Amino acid sequence: MPGSETTHSEFVGAKGALPSGLPGIWITALATLAVLLMLGALLWIVAVNAFGWFWPARISEIVLDDGTVRVGEIVAREPIPAAGKEVTITVYRVKLKTGNRELTRSDFMWIDEAAIAANSQPEDLVRVVRSEYGDAFGRIVAAYRDDGAQVDIDSPRALEGFLETGEEWRRANRRLEKERDQLRRPLTRLEERLDSLERSARAGTPEGAQEIATLEDTVAVEAKRLGPRLDALLDNHEGNAQRLLQSRIVLVAGADRIDVPLANVIEVVWSNRLGFLSRVAHAIREGVLFLFTEPREANTEGGIFPALFGTVLLVLLMSVAVVPLGVVTAVYMTEYARPGLALRLANQAVNNLAGVPSIVFGMFGLAFFVYQVGGAVDRAFFADKLPTPTFGTGGMLWASLTLALLTVPVVVVATREGLLAVPQSWRDGSLALGSTKWQTLRQIILPAAMPGILTGLILAVSRAAGEVAPLMLTGAVKMAPSLPVDGTVPFLHLQRKFMHLGFHIYDVSMQSPNVEAAKPMAFATTLVLLLLVILLNLTAIVVRRRLRRAYQGQVV
Amino acid sequence: MEFPRNEDSMDLQQSVFRSPQGSSANPTGEIDATHHETALESRGVHLYYGETQALKGIDLAMPERQITALIGPSGCGKSTYLRCFNRMNDMIEGVRVEGQVIVEGLDVHRPDVDLERLRKRVGMVFQKSNPFPMSIHENVSFGPRMTGVRGRGRLDELVERSLRQADLWEEVRERLDDSALDLSGGQQQRLCIARALANEPAILLLDEPASALDPISTAKIEETLLQLKESYTIIIVTHNLQQAARIADRTAFFMLGELVEYNDTTTMFTNPGHAITEEYITGRFG
């Protein structure tokens, strides 16, 4: 056929150099790759920097050309910025963490590699983790017991025994403090009652005065009864503290000589003696201590337990508040509200609420929860303590409610989607069996919408766990004197201020007195926050997957 | 007749559907040809979806312990009509019903009607099987549990009896605690029948219960329905004319929201009173 060839040529034949869609595909693939790389880099940088906080680095003894000796951990190496442009041989310098802050006033020093005559890592160098002045580096040259007798430092067993004794004294003192608090509790309570009575309006009346007198007598009797036992405890405590101060080790680093009383010694690490496995074990132990101990020295040393605890509790309380609120709202909007302008407006309002900057919620929490509600609660229930606020100041409760408000749109939207996905045939089936609308909701619709509700919770938790700005206005602090949960009735103290990982990161990396030394700790805290969010998410995802499995097989 | 009819629409209806003999002008009068009492009845039922009229003055009386089939082309209003008897149309926005819908002598629209009790009395099985995402046992005992029946023993008894009635017991007795969603399509539909029976209803409404099933499952459902006829009044909407012929005692033919003809199934299929009925059952349209 003569016409057939021309017909074919319209859609068969030579094309351009590239298939038409190819450049587009390449660009999208590259963009995806870039995103993945950046995510990987984020994790890598955080992890590597955090790792340095736990991994015991080798301690170097560096002899300079002029004969001075420096001891410390090499933490960085970089080319020296050249003044002249013609330099071809790059000269490096190293950053040495020397510790011994009370002598050098700085934890770090830069040393030109060109000036180094010798660099060795002798096994007898130690890092002493102290409760004051940060780490100390050096060689133990002497150790003295509390009675002034010398410890034989050449025998490792003697030295370790000596350090262990100090640790025991400190443990004993922590026990004694606890015991004293417990012993004194009835007396403390009486005193608190007396205090609030004296400040109340009734103190002026004759009956009030009478009552105060009686209470004062009771306090005196109780104090007398407990007196001897308290004194004994105090004596023991005092004795241990004295012994801890008098026992000491002496470190020498180059020309520096440092006396460290056992009271300040938290740990002595012979870093250069550790093999690989003991290094790993050491790092793991450091990690556990980091998670479960209190911070020291304005948060630049020690652990992050209060911040971790505060974050987890905050997220839990937020979940407890946000799920019922969000689910009830979504149920009303989906199941009961008549479609129309009002519902569309409500929907838009919820969606827009999700985009409001979090600091705005913080201001709202401060103005409404803290000042309005908290102030009213104080006037109604804690009037005797005014003008000192109880609930009228930032605290756990108001912060978690503020976060709940911040995250409620996510829960509403996800729950609505879950509810809308429940097949109409299940609702019809349930109603046709004579169940009420409420029973249908409880028995059929809500269980089937559970995956949607959990999705909302996951998103809410992810957002809440990382949120810092609103917390700074509603109760997060640098250093909380006590946890929001403790052994005294009512155990959960929601009015208390709390520490938070996100705020802690900001505080350690920007507001601490020793930013340089605390940098790895900021990264370690970041890693913990990251892992916490991932862990919370994973938990919810696993639960959701289990629920979804129950609905498999139904064509929705 | 409770309320005045629109004379124009009446004329229209008559002009379209009046048979030469005029035999179905008053179908309610004919029903007592058998010894069965009337279980369901409608008098002048008009139903509107907003502005659209879906049912135009349906007068129909259905005998108890018989199977009545509602047939007719798609969109003729037979499913809508079926849903009047347990008031499932209430849930659809903008639906308005006029006239009397009578179940066992009582108008279902009376203000003192307890909707939940009505729906227990008048069970329903839907076109698409809709087992809940629960175990077989929980599905069957759902209705009784919602109305306060407690106690594992009592529920077990109800579940077994209902499953036996729906001819499913032997197939599932070993796995009552398995998910109902794992059953086959036919089993799921019989489970839905058992679920309705567990409420101990008097009347069973079935909305094309076998339309999504294979012939073997369909046969099984039909067999079950014939057994249930002994103790239940069954109304079945079906697209399948053979099915109506096989199981129904009486058949009603709907078209464009009107009841065209209502008669004994045998009479309907052998000697239809209207030309249009004959055209439908012989497959000339529909």
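Residues numbered from 1 in each chain as written. Chains lettered and ligands numbered in written order. Predicted model: local features only at pLDDT ≥ 70, side-chain atom pairs only at ≥ 80, totals over all residues.

Scanning chain B from terminus to terminus reveals 12 helices and 10 strands. Burial status across chain B gives 46% buried among its 286 residues. (Helix = DSSP H or I, 4+ residues; strand = E, 2+ residues; numbered from the N terminus. Buried ≥ 20, exposed ≤ 12 C-beta atoms within 10 Å, placed from the backbone.)

Quick look at the overall build of chain A now. Looking only at helices and strands, one finds 15 helices and 12 strands in chain A. On C-alpha atoms alone, chain A measures out to a radius of gyration of 33 Å, which is more than a quarter above the 24 Å that the 2.2 N^0.38 rule sets for 556 residues. Buried residues in chain A amount to 30% of all 556 residues. Long-range pairs, those at least 24 residues apart, make up 69% of the contacts in chain A with a sequence separation of at least 6. (Rg over C-alpha atoms; globule rule 2.2 N^0.38 Å. Contact = placed C-beta atoms within 7 Å.)

All right, on to the interface of chain A and chain B then. Each partner contributes to the interface: chain A provides 17 residues, whereas chain B provides 23 residues. Looking at the side of chain A that touches chain B, the elements that each hand over two or more residues are α11 (424–432) and α12 (437–466) of chain A. Its residues placed into classes, the side of chain A that touches chain B shows eight nonpolar, eight polar and one charged. (Nonpolar A, V, L, I, M, F, W, Y, C, P; charged D, E, K, R; others polar.)

Before going further, it helps to spend a moment on the confidence of the model for chain A. Overall, the predicted model of chain A reaches an average pLDDT of 84, with 93% of residues at or above 70. Low confidence marks residues 1–5 of chain A, where pLDDT is under 50. Its contacts with residues over four positions away, or in another chain, come to zero contacts. (pLDDT = per-residue confidence, 0-100.)

Turning next to α11(A). Of all the residues in α11(A), the buried ones are W426(A), G429(A), S430(A), L431(A) and A432(A). On the buried face of α11(A), the contacting elements are α12 of chain A together with α3 (115–121) and β6 (122–125) of chain B. Backbone geometry just downstream of α11(A) places G434(A) in the positive-phi region, at approximately 90 degrees.

On to the sheet that holds strand β1 (residues 38–49) of chain B, then. Residue and element names in this part refer to chain B. Ordered in space as β2-β1-β4-β5, the four strands form an open sheet in which the pairing is antiparallel. Lying at the two open borders of the sheet, with one neighbouring strand each, are β2 (52–63) and β5 (106–107). For β1 and strand β4 (residues 95–103), the ladder comprises eight bridges, and the chain directions are antiparallel. The residue of β4 that forms the bridge with L47 is V97. (Pairing = 2+ DSSP bridges.)

Now for the domain arrangement of chain A. Here the domain parsing of chain A yields domain 1 (60–140), domain 2 (156–246) and domain 3 (313–550). The C-alpha centroid of domain 2 of chain A is placed 47 Å from the C-alpha centroid of domain 1 of chain A. (Domains from an automatic or database assignment.)

Before going further, it helps to spend a moment on the confidence of the model for chain B. Residue and element names in this part refer to chain B. Mean pLDDT for chain B: 83, with 87% of residues reaching 70 or above. Element-level pLDDT for chain B is lowest in helix α1 (residues 7–17), with a mean of 36, against a maximum mean of 94 in strand β8 (residues 233–237). In this model, residues 1–34 is a region of pLDDT below 50 whose contacts with residues beyond four sequence positions or in other chains number 34 contacts. In the predicted complex, the global pTM is 0.76; the interface-specific ipTM is 0.83.

Its location among the elements puts P81(A) in the loop between β2 (69–79) and β3 (92–97). Distance from P81(A) to V91(A), taken between C-alpha atoms, is 8.5 Å for residues 10 residues apart in sequence.

Take the pairing of strand β7 (residues 136–144) of chain A next. Residue and element names in this part refer to chain A. Where strand β6 (residues 125–130) lies against β7, four bridges are found, and the strand directions are antiparallel. Of the residues in β7, the one forming a bridge with V126 is G138. Linking β6 to β7, which pair antiparallel, is a turn of five residues; within it Y133 sits at a positive phi near 65 degrees. Two strands pair when backbone bridges link them, and β7 and strand β8 (residues 248–253) are joined in this way by five bridges, in the antiparallel orientation. By the bridge assignment, A142 is partnered in β8 with V250.

The subject of this paragraph is unusual backbone geometry. Located in the positive-phi region is Y133(A), a residue other than glycine, with phi close to 65 degrees. Looking at where Y133(A) falls in the secondary structure, it is placed in the loop between β6 and β7. The backbone of D167(B) sits at a positive phi, close to 65 degrees, despite the residue not being glycine. Tracing the chain through its elements places D167(B) in the loop between α6 (152–165) and α7 (169–172).

Here we take up the environment of L40(B). Residues and elements named next belong to chain B. Summarising the element assignment, L40 is placed in strand β1. Of the residues examined, L40 has 24 C-beta atoms within 10 Å and is grouped as buried. Measuring from C-alpha to C-alpha, the distance between L40 and M62 comes to 5.1 Å, with 22 residues separating the pair along the chain. If we skip the residues at most four places from it in the chain, L40 touches M62, F85, I102, V103, I203, T233 and I235.

Attention now moves to the sheet that holds strand β10 (residues 258–264) of chain B. All names here are of chain B. Taking strand neighbours across the sheet as the criterion, the six strands line up as β6-β7-β8-β3-β9-β10 in an open arrangement whose pairing is mixed. Each of the sheet's edge strands pairs with one partner strand only, and the pair in question is β6 and β10. The sheet shows a mean angle of 15 degrees between the axes of neighbouring strands, direction not considered. Note: strand β3 (residues 67–71) against β8, four bridges, orientation parallel. Across the sheet, T68 pairs through a bridge with I235, a residue of β8. (Axes fitted to C-alpha atoms, helices over the stretch in contact; angles between N-to-C directions.)

What follows deals with the environment of G204(A). All names here are of chain A. Examined against the element boundaries, G204 turns out to sit in the loop between α4 (156–199) and α5 (206–246). With 8 C-beta atoms packed within 10 Å, G204 lands in the exposed category. A sequence separation of 173 residues divides G204 from V377, and the C-alpha atoms of the two residues are 25 Å apart.

All names here are of chain A. Interaxial distance between α4 and α5 falls to 9 Å at its minimum, and their mutual angle equals 165 degrees. One way to sum up the angle between α4 and α5 is to call them roughly antiparallel. The handedness of the crossing between α4 and α5 comes out as left-handed. Grouping the constituent residues of the contact of α4 with α5 by class yields 18 nonpolar, six polar and 12 charged. (Parallel < 35°, antiparallel > 145°, perpendicular 65-115°, else oblique. Left-handed = near helix turned anticlockwise from the far one by under 90°.)

Attention now moves to the pairing of β8(A). Residues and elements named next belong to chain A. With six bridges joining them, β8 and strand β9 (residues 256–261) adopt antiparallel strand pairing. Paired with V252 across the bridge in β9 is R257. Between the antiparallel neighbours β8 and β9 lie two residues, among them G254 with a positive phi of about 60 degrees.

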